[in-house]
Amino acid sequence: MTTSSPVKIRVEKARKSFIQKNGGAVEAIRELTFDVADNEYVAIVGPTGAGKSVLFDCLLGLKSLDGGRITIDGEPVEKFIRKKGRIARIFQEDRLLPWLSATDNVALGLQIQGVPEAERRERAREWLRAVGLGPFTEALPSEMSGGMRQRTNIARAFATGPEIILLDEAFSALDEITAMRLRSDFRALARRQKMTFLIVTHSIDEAIYLGTRILVFGAPARLVHQIEVPEGASDNPADVDRIRSEIRHWISVSGRDASTAA
Ligand SMILES: Nc1ncnc2c1ncn2[C@@H]1O[C@H](COP(=O)(O)OP(=O)(O)OP(=O)(O)O)[C@@H](O)[C@H]1O
């Protein structure tokens, strides 16, 4: 984290468990503490079941913690999200409405924000052009490839003007060539928009490419290790090897099953 940037997200001693049908408790998040600076790109890697998706739900105010707290811009997350569109999430699957065109799918988030129809359709088309889908603004999801549908999702996330984007395995379902292009386009757009993003990924190489810092989680979610990724490290094989080995080491000592490397 750059010390000059203000803290955007602060997670402090967060705890979350679930009671299962058999009455047993599953601990998803255990005493998790970390900060994310404004305009920082943080990649989270860790074993399956480590509470990464539950953490994203808590960041979106969809689930509440049992203990500890999450603040964004210094205010409780519940207050931060009251103004719609400040955080967007991109999932692994596209979650587009099949009966709506790409433009209407992207415009949906703007409709929720109360943007008038003509303006939201124009902004939706602008964002579809920005993600390379200019000729497909009226296409239905069924008429698009997986990569194009995920581009539509990315356009939908950016269109609402979020301060933070949460990427939940957003590129995992795509073939590697499509994923490479989308990661690169996503990173360029995030830089242009001067925003903060967190990505949960099982791909160590993706974490190195997109993250300016990588958090290694243990299960239940807790911070086991963090690594700063120097500028340009993903283009330098020696840096990539060093960071990859460090992550693998910390995942192996954190217990349970390890993430898979790309
Ligand atoms: N609604 C729920 N009810 C009960 N248990 C839950 C619920 N949601 C999550 N859990 C449990 O919390 C733990 C963390 O789940 P979570 O989905 O956050 O893991 P994850 O790190 O995202 O996993 P993966 O990498 O496999 O996607 C798991 O043990 C899961 O079974």
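Structural data are supplied above this passage.
Source: prediction; values computed, not measured.

(A) Quick peek at the site of the ligand. In the vicinity of the ligand, the contacting residues are F18, V26, A28, T48, G49, A50, G51, K52, S53, V54 and H202. The backbone of V54 places a nitrogen or oxygen atom 2.9 Å from an oxygen atom of the ligand. H202 places a polar side-chain atom, nitrogen or oxygen, 2.9 Å from an oxygen atom of the ligand. Protein chains shield 63% of the accessible area of the ligand, which is 640 Å² for the free molecule. Secondary-structure elements contributing two or more residues to the shell around the ligand are β2 (25-37) and α1 (52-59). In terms of residues, the shell around the ligand owes the most to one element, α1, which gives three residues. Residue composition of the shell around the ligand, by class: five nonpolar, five polar and one charged.

(B) Spatial organisation of the packing of helix α4 (residues 117-130) against helix α5 (residues 146-159). One way to put it is that α4 packs onto α5 with a least axis distance of 9 Å and a crossing angle of 130°. Comparing the axis directions of α4 and α5 gives the class oblique. Here the hand of the crossing between α4 and α5 comes out right-handed. Where α4 abuts α5, its residues R123, W127 and L128 lie against T152, A155, F158 and A159. Taken together, the residues of the contact of α4 with α5 sort by class into five nonpolar, one polar and one charged.

(C) Broad picture of α5. The end-to-end C-alpha distance of α5 is 20 Å, a good match for the 20 Å that 14 residues give at a rise of 1.5 Å each. Three or more residues of α5 are buried, namely G147, M148, Q150, R151, T152, N153, I154, A155, R156, A157, F158 and A159. In the stretch just after α5, G161 is the one whose phi turns positive, near 65°.

(D) Focus on the packing of aromatic side chains. Per the stated rule, a full pass over the model turns up six aromatic pairs. A ring pair is formed by F171 and F186, whose centres lie 6.3 Å apart and whose planes are at 65°; its orientation type is edge-to-face. You can see F171 sitting in the loop between β7 (164-168) and α6 (176-193) and its partner F186 sitting in helix α6, a full 15 residues away along the chain. Its relative accessible area of 2% is what places F171 among the buried residues. Looking at F186, the relative accessible area reads 1%, which means it is buried. Ring geometry for F186 and F197: centres 5.0 Å apart, planes at 75°, overall edge-to-face. Of this pair, F186 sits in helix α6 while F197 sits in strand β8 (residues 196-200), and the two are eleven residues apart along the sequence. A single burial state applies to F186 and to F197, both of which are buried. One aromatic cluster is present, built from ring pairs that chain together Y41, W127, F158, F171, F186 and F197. Over the face of the ring belonging to F91 we find R95, whose NZ or CZ atom lies 3.6 Å from the ring centre. The side chain of R187 reaches across the aromatic face of Y209, ending 4.0 Å from its centre.

About the criteria used
Residues numbered from 1 in each chain as written. Predicted model: local features only at pLDDT ≥ 70, side-chain atom pairs only at ≥ 80, totals over all residues. Heavy atoms only, no water. Near = heavy atom within 4 Å. Polar contact = N/O pair within 3.5 Å; in protein donor to acceptor, adjacent residues only side chain to side chain. Areas by Shrake-Rupley, 256 points an atom, 1.4 Å probe, with all protein chains shown as cover. Helix = DSSP H or I, 4+ residues; strand = E, 2+ residues; numbered from the N terminus. Nonpolar A, V, L, I, M, F, W, Y, C, P; charged D, E, K, R; others polar. Axes fitted to C-alpha atoms, helices over the stretch in contact; angles between N-to-C directions. Parallel < 35°, antiparallel > 145°, perpendicular 65-115°, else oblique. Left-handed = near helix turned anticlockwise from the far one by under 90°. Contact = heavy atoms within 4.5 Å. Expected span 1.5 Å × (residues − 1). Buried < 20%, exposed > 50% of the residue type's maximum accessible area, 1.4 Å probe, protein only. Phe/Tyr/Trp six-rings, centres within 6.5 Å; stacked < 30°, edge-to-face > 60°. Lys NZ or Arg CZ within 6 Å of the ring centre and 35° of its normal.

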